[in-house]
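The lines below spell out each chain.
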Amino acid sequence: MLENNGESNFTTQEVKVKNRMALALTIISSVVVFHAPAYASPAALANQAYESGLDGWTSSGDVTATSESAVTTGAGGWIIAAHQSQMAQLNSGSTDAQSLDTFFGLQAGALEAAVFDVTNGAGIQQTFTGLAGETVTQYWDFVSRDYTGFNDSAFVVVNGAVTVLASIENGGIEVGSYGHTGWQSFTYTLPTNGTYTLGFGVVNTKDTILDGALFLDNQPGDTRPIISAIPEPETYALLIAGLALLGFVAKRKRSFAA
Ligand SMILES: [Ca+2]
Ligand SMILES: [Ca+2]
């Protein structure tokens, strides 16, 4: 009887301890959930939409903020327009390959290892701090003024690692001669809390002419073909034939009315 009472008392104590432990666990887990970063929340970059021009970014080479740009190629070309009023435009011909390595904080020859035969290019980047699990999404659009045999390319650099986004014929989205990618997204999820440098660039290869163009914005803008304003000879012939037909119809109407 005494043993039973003792055992019963011990069980009650055990239940109390378990209850306290459960309460403690509930408090701990609610605190952890409260402090955890929200799922896929965006990291805070300055002026990622380029609505304040290039504020918050550093750049090298031919880099400007613009609302709309006509990129003429050997096969017509493309008009690229910003989301809202501004986007960044990079044209590849101005900073030599070695200086681009330095600009992006890369080991000498790192760009050459990712994109062969690099001659010159342009770059833009920003350093920011973020928390593990946060994401950075940048929209980009690459247009090739060059043709196959040359491999102008666009790339992204995250903390010293180069990844080709697009090229004429060697990696990423391959556009071929005078091609374009349209607006695409690049998303990076921060693996740890810390400081990151996110950069984008575009380069010429083999020679330094017919620059590649890279456009950047925080949301996709517009891409449409350049429509020639000067009619082709065939168009004139059609126009004249059309006018002649109209004249014939009008004459017939007058004949019937008479
Ligand atoms: Ca914008
Ligand atoms: Ca080129």
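Residues numbered from 1 in each chain as written. Chains lettered and ligands numbered in written order. Predicted model: local features only at pLDDT ≥ 70, side-chain atom pairs only at ≥ 80, totals over all residues.

Draft legend 1. Fine view of the nonpolar core. In this structure, Ala88, Trp140, Phe142 and Leu214 are the most contacted members of the largest nonpolar core, which totals 40 residues. Discounting residues that sit within four places of it in the chain, Ala88 has contacts with Tyr50, Leu54, Val63, Ala65, Ile124, Phe215 and Leu216. (Core = buried A, V, L, I, M, F, W, Y, C linked by C-beta atoms within 7 Å. Buried ≥ 20, exposed ≤ 12 C-beta atoms within 10 Å, placed from the backbone. Contact = placed C-beta atoms within 7 Å.)

Draft legend 2. Region of the structure containing the pairing of strand 7 (residues 118-130). Alignment of strand 1 (residues 58-60) against strand 7, held across three bridges, turns out to be antiparallel. The residue of strand 7 that forms the bridge with Thr58 is Gln125. Of the strand pairs in this sheet, strand 6 (residues 95-96) and strand 7 are connected by two bridges, and their pairing is antiparallel. Bridge pairing in strand 7 places Asp96 opposite Asn120. Pairing between strand 7 and strand 13 (residues 194-205): eleven bridges, direction antiparallel. Bridge assignment links Gly121 to a residue of strand 13, and that residue is Val203. (Pairing = 2+ DSSP bridges. Helix = DSSP H or I, 4+ residues; strand = E, 2+ residues; numbered from the N terminus.)

Draft legend 3. Inspection of the environment of Glu68 at higher detail. Structurally, the position occupied by Glu68 is in strand 3 (residues 68-73). Those residues in contact with Glu68 that lie beyond four places of it in its chain are Ile79, Ala81 and Ala82.

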